[in-house]
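For reference, the chains in residue letters:
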Amino acid sequence: MSERANFKNTLGVILATAGSAVGLGNVWRFPYMAGENGGASFIIVYVLCILVLGLPCMITEFIIGRHSASNTARAYNKMGNKMWGLVGVTSVATGFLITCYYVIVSGWCLEYLFATITGELSGDARYYVDYFTMFSQNPWKPVVWAVVFMAITHYVITRGVRGGIEKASKVLMPALFVLLLVIVAAACSLPGAEKGVAFLFRPDFSKITPGTLLDAMGQSFYSLSIGMGCICTYASYFSRQTNLSKSAIQISVIDCIVAILAGLMIFPAAFSIGVQPDSGPSLIFITLPNVFQQAFVSVPAIGVVVSLAFYALMSLAALTSLISLHEVSTAFIQEEMKVSRRKSATIVSVSTLLIGVFCSLSLTGVEWLTFGGRSLFDLFDFVTGQIFLPAVGFFACLFIGWYVPVKTVREEFTNWNTLKTPFFSLFLFCIRIVCPISILLIFLNQLGVI
């Protein structure tokens, strides 16, 4: 295809792929996971998991994507056979299903951004609980914001790889970092903020349990977008000169920095007003608005600015990830159905939005959208996050580690022997032994077997 290997330069590669990895998994999921697992001790385990699990798995997807120069489903077919092609199809399906409910959550970020601007997001602690419940269960408001969010994403995707994805990433990622630093500075200036900083950087190793290890492995997997088809699809646009291992390291470093900064913007503010760090998934949409209001009660204007910056940050993080998720399905339809990028993007936007409407409605208690006690929204989250993602990651490691000839893997890893790297044997050991076993443990843990 003419658009393959089409990122303009190394900066575009790093920012676009980092944008895929850096999303709500870092800004929303990481802080509450760290809060529930002891803070600093969790961060240490998390970074180790990035090194031994995240990096090898990312390089694995890089190799598959660049070598095949195809959409994720076709990539496995080209390097393997139809049986392995099912792994690629599952990866694309995973990205598609995640897009369906992720666009709804992304819309929530826009709602909170708008509510902050209009002054609606103000009240006591109970008000924030009621506000989130009423909004998320409203039959039409979340859908309206999801449509707005998808329209933005659709525009970027239709502009192509260079003119859309790469160009947007070069604006969105720096903006995300600037907003992060602004909020971190504001949070760390609060009275008592040092307790939150200590929580993040003073480890208590007695807090580390087998559950902490499994949670950290699962978070590293989720955070780096492994198994969703995003990394593999973006890698199909890499040039032959792109250093895969170096790029993976740079992206992982950015991912870790954003995650830690997310902790630094949340926990100092939370500790400042006595909010527990283990508030769980509600931390972002229920606890934090109250935190920002109380933390800056003496200067309400600053609280509004910080809250505004925070939800702008959330929206940007959601957008960078949604762009990459959308591209997985767009590339698949464009190549398999042989239609234009604009038409394939339209098919994806409309279909994911339609399904997203049902995901959103399922949160309102509609009985026919409930399956086995789970809403359609929760079912999609469960199936993709706890079954498809670890399954795709597991088989991707087996595919590169045991099926694809070692010569092919080494050539991709070393850019056809033009790069001197002493880590190839370690990489091969990780994807053959360490990663499959680790992913299997995550899978069994999430299913409640261990």
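That block above? That's the structure.
The residue numbers shown here count from 1 along each chain, following its written sequence. Thresholds applied to this predicted model are a pLDDT of at least 70 for local features of residues and 80 or more for the giving and counting of side-chain atom pairs; totals over whole chains, interfaces and linings are not thresholded and use all residues. To obtain the side-chain values, all non-hydrogen atoms of the structure were included, while hydrogens and water were left out.

1. Looking at the pattern of salt bridges
Right, on to step 1. Salt-bridge detection follows one rule: a side-chain nitrogen of Lys or Arg within 4 Å of a carboxyl oxygen of Asp or Glu. Using the criterion set out here, one finds 7 salt bridges in the structure.
Right, on to step 2. With a shortest N-O distance of 2.8 Å, E327 and R341 are connected by a salt bridge. Within this pair, whereas E327 is found in helix α14 (residues 300-336), its partner R341 is found in helix α15 (residues 341-362), the two being separated by 14 residues in sequence.
Right, on to step 3. Given the relative accessible area of 0%, E327 is considered buried.
Right, on to step 4. A 1.4 Å probe rolled over the protein chains alone gives each residue an accessible area, and that area as a share of the maximum for its type sets the label: buried under 20%, exposed over 50%, partly exposed in between. What makes R341 buried here is its relative accessible area of 8%. Labels follow the DSSP assignment, with helices taken as runs of H or I lasting at least four residues and strands as runs of E lasting at least two, numbered in each case from the N terminus.

2. Here's the deal with the nonpolar core
Right, on to step 1. M265 and F310 are the most contacted members of the largest nonpolar core, which totals 152 residues.
Right, on to step 2. Of all the elements, helix α5 (residues 82-118) adds the most residues to this core, at 16 residues.
Right, on to step 3. Beyond its immediate stretch of four places on either side in the chain, F310 contacts V27, I183, M265, I284, L288 and F292. Think of a nonpolar core as a cluster: buried Ala, Val, Leu, Ile, Met, Phe, Trp, Tyr and Cys residues, connected wherever their side-chain atoms sit within 4.5 Å. We call two residues in contact whenever any of their non-hydrogen atoms come within 4.5 Å of each other.

3. Quick look at the environment of G401
Right, on to step 1. Within the secondary structure, G401 is located in helix α16 (residues 376-403).
Right, on to step 2. Sequence separation between G401 and S321 is 80 residues; the distance between their C-alpha atoms is 28 Å.
Right, on to step 3. Residue contacts for G401: discarding those within four places in its chain leaves I431 and R432.

4. What to know about the packing of α5 against α16
Right, on to step 1. Two numbers describe how α5 lies on α16: the axes approach to 9 Å, and their chain directions differ by 145°. In the packing of α5 onto α16, the handedness of the crossing is left-handed. Judged by residue contacts, W84, V87, T90, S91, T94, L97, I98, C100, Y101, I104, V105 and W108 of α5 engage F377, F380, D381, T384, F388, L389, V392, F395, L398, F399 and Y403 from α16.
Right, on to step 2. Asp, Glu, Lys and Arg are counted as charged, while Ala, Val, Leu, Ile, Met, Phe, Trp, Tyr, Cys and Pro are counted as nonpolar; the rest, among them Gly, fall into the polar class. Per-class residue counts for the contact of α5 with α16 are 18 nonpolar, 4 polar and 1 charged. Between N-to-C directions, angles cover 0 to 180 degrees, with each direction set by a line fitted to C-alpha atoms, over the stretch in contact for helices. Here a crossing is called left-handed whenever its near helix is offset anticlockwise from the far helix by less than a right angle, and right-handed whenever the offset is clockwise.

5. A few points about the state of the cysteines
Right, on to step 1. Only a pair of cysteine sulfur atoms within 2.5 Å qualifies as a disulfide here. Per the stated rule, a full pass over the model turns up 0 disulfides.
Right, on to step 2. Note on C100: no disulfide assigned, nearest cysteine sulfur contributed by C359 at a separation of 6.0 Å.
Right, on to step 3. The exposure class of C100 is buried, given its relative accessible area of 0%.
Right, on to step 4. Cysteine C188 is unpaired, with the sulfur of C256 as its nearest cysteine sulfur at 18 Å.

6. Some details on the packing of helix α3 (residues 40-68) against helix α12 (residues 244-272)
Right, on to step 1. Two elements in contact, α3 and α12, have axes separated by 9 Å at closest approach and are oriented at 140°. Classified by the angle their axes make, α3 and α12 are oblique. Once α3 is placed against α12, the crossing between them reads as right-handed. Taken together, the residues of α12 that come into contact with α3 (itself represented by I43, Y46, V47, I50, L55, M58, I59, F62, I63 and R66) are L244, S245, S247, A248, I249, I251, S252, D255, C256 and I260.
Right, on to step 2. Taken together, the residues that form the contact of α3 with α12 break down as 15 nonpolar, 3 polar and 2 charged. The scheme is simple: roughly parallel for angles under 35 degrees, roughly antiparallel for over 145, roughly perpendicular for 65 to 115, oblique for anything else.

7. Quick word on α3
Right, on to step 1. Its 29 residues place the ends of α3 40 Å apart at the C-alpha level, agreeing with the 42 Å of an ideal helix rising 1.5 Å per residue.
Right, on to step 2. The reported bend at a residue is simply the angle between two axes, fitted to the 7 residues ending at it and to the 7 residues beginning with it. Approximately 40° is the largest bend angle found in α3, and it occurs at I50.
Right, on to step 3. A69, located one to two residues past α3, shows a positive phi value of around 50°. In this scheme, a helix's expected span is set at 1.5 Å multiplied by one less than its residue total.

8. Some details on the environment of L376
Right, on to step 1. For L376, the position within the fold is in helix α16.
Right, on to step 2. What makes L376 buried here is its relative accessible area of 10%.
Right, on to step 3. As for L376 and L361, which are separated by 15 residues in sequence, their C-alpha atoms are 8.6 Å apart.
Right, on to step 4. With residues near it in sequence (within four places) discarded, L376 still touches F358, C359, S362, L369 and F371.

9. Some remarks on the side chain of S223
Right, on to step 1. One can find S223 in helix α10 (residues 210-223).
Right, on to step 2. Overall, S223 belongs to the buried group, its relative accessible area being 0%.
Right, on to step 3. In this view, S223 contacts A21, N26, Y46 and D255; residues no more than four positions away in its chain are not counted.

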